[in-house]
Amino acid sequence: MVSCKLFKIEVSDKRNPEPQIILLDNQLEVSPTGAVRISKSDFFSSGIRIKSESNLIYIDPLAITDTDKADYIFITHGHPDHFSMRDIRKITKPETLIICPKNVAKKLSRYDIKIREVKPGDLIDLDVKLEVEVVEAYNLHNAFLWLKAHPTSKQNVGYVFTADI
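This section reports on the structure supplied with the text. Nothing here was measured: the structure is a model prediction, and the numbers come from that model. (Residues numbered from 1 in each chain as written. Predicted model: local features only at pLDDT ≥ 70, side-chain atom pairs only at ≥ 80, totals over all residues. Heavy atoms only, no water.)

**Some remarks on the nonpolar core**
Core analysis: the biggest nonpolar cluster contains 19 residues, and Phe74, Ile99, Ile124, Leu126, Val132 and Tyr159 have the highest contact counts within it. Mapped by element, the contributors of at least two residues to this core are strand S3 (28–32), strand S6 (48–51), strand S7 (56–59), strand S8 (72–74), strand S9 (97–101), strand S12 (130–136) and strand S13 (157–163). Discounting residues that sit within four places of it in the chain, Tyr159 has contacts with Phe74, Ile75, Thr76, Ile99, Cys100, Pro101, Val118, Val132, Glu133, Val134 and Val135. By size, the runner-up hydrophobic cluster in this structure holds 15 residues, among which are Leu56, Ile98, Cys100 and Ala105. (Core = buried A, V, L, I, M, F, W, Y, C linked by side-chain atoms within 4.5 Å. Buried < 20%, exposed > 50% of the residue type's maximum accessible area, 1.4 Å probe, protein only. Helix = DSSP H or I, 4+ residues; strand = E, 2+ residues; numbered from the N terminus. Contact = heavy atoms within 4.5 Å.)

In structure tokens:
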């Protein structure tokens, strides 16, 4: 299972804001997709890039700096820090499959791209030594006063990746 936590780097912070690559068992490269600048601060979004010998996978691509074309793109929900059509266009080729929940599939339906709609509980076998479980993703508490940013009714999703490496 691969997971990534959102973290913020203050301008005064001396750490490197460039995405770092994690190499798993010399077969999978995992890295964030890039830093985003908001209110004089850089932070890494939830975007992740997974590269193997034969496939390139993006999860919530945002702030894409490379132009390598994706085999699979996973989108968790339709908020702009997770669903960026501008970035999706940069990395999509005719064979790219976008895997996403219903609300995102509806937004993508006007484009000429391959879409697979998913919901919590689905299992996906990508036939690339990778199995993906689709899970619920929602907030337990309100994010801003009365606003619940990710209610269960939206059926936002997360993905649990199991690699056979």
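After that view of the structure, there is still more to cover.
**As for the side chain of Asp87**
One can find Asp87 in helix H1 (residues 85–91). The exposure class of Asp87 is buried, given its relative accessible area of 5%. Once you skip the residues sitting within four places of it in the chain, Asp87 turns out to touch Pro61, Leu62, Ala63 and Ile64.

**A look at the packing of aromatic side chains**
Counting across every chain of the model gives three aromatic pairs. Geometrically, the ring pair formed by Phe74 and Phe161 is edge-to-face, given 5.1 Å between the ring centres and 75 degrees between the ring planes. Residue Phe74 is found in strand S8, and its partner Phe161 is found in strand S13; the two are separated by 87 residues along the sequence. Neither residue differs from the other here; Phe74 and Phe161 are each classed as buried. Judged by centre distance (6.3 Å) and plane angle (55 degrees), the ring pair of Tyr159 and Phe161 falls under tilted. You can call Tyr159 buried: its relative accessible area is 11%. (Phe/Tyr/Trp six-rings, centres within 6.5 Å; stacked < 30°, edge-to-face > 60°.)

**Here's the deal with the pairing of S6**
Across four bridges, S6 lies against S7 in antiparallel orientation. Each residue of the ladder has a partner; that of Ile48, found in S7, is Ile59. Remark: four residues form the turn of the hairpin made by S6 and S7, two consecutive strands paired antiparallel. (Pairing = 2+ DSSP bridges.)

**Let's talk about the pattern of salt bridges**
Per the counting criterion, the structure on display carries five salt bridges. Of the charged contacts in the structure, one is a salt bridge between Arg49 and Asp66, with a shortest N-O distance of 3.1 Å. Taken together, the residues span a long stretch of sequence, with Arg49 in strand S6 and Asp66 in the loop between S7 and S8 at a distance of 17 residues. A residue is classified by how much of its surface remains accessible, and Arg49, at 10% relative accessible area, is buried. The network of salt bridges with common partners includes Arg49, Asp66 and Asp68. (Salt bridge = Lys/Arg side-chain N within 4 Å of Asp/Glu carboxyl O.)

**Quick notes on the pairing of strand S10 (residues 114–118)**
Here S9 pairs with S10 via five bridges, running parallel. The residue bridging Cys100 from the neighbouring strand is Glu117, located in S10. Each parallel crossover has a hand, and the one from S9 via helix H2 (residues 102–108) to S10 is right-handed. (Right-handed = clockwise from strand over helix to strand, strands pointing away.)

**So, the sheet that holds strand S11 (residues 123–125)**
The three strands lie next to each other as S11-S12-S13, forming an open sheet whose pairing is antiparallel. Of all the strands in the sheet, just S11 and S13 have a single pairing partner and so form its edges. Pairs of neighbouring strands in the sheet enclose a mean axial angle of 20 degrees, with direction left out of account. Pairing between S11 and S12: three bridges, direction antiparallel. Paired with Asp125 across the two strands is Glu131, which belongs to S12. (Axes fitted to C-alpha atoms, helices over the stretch in contact; angles between N-to-C directions.)

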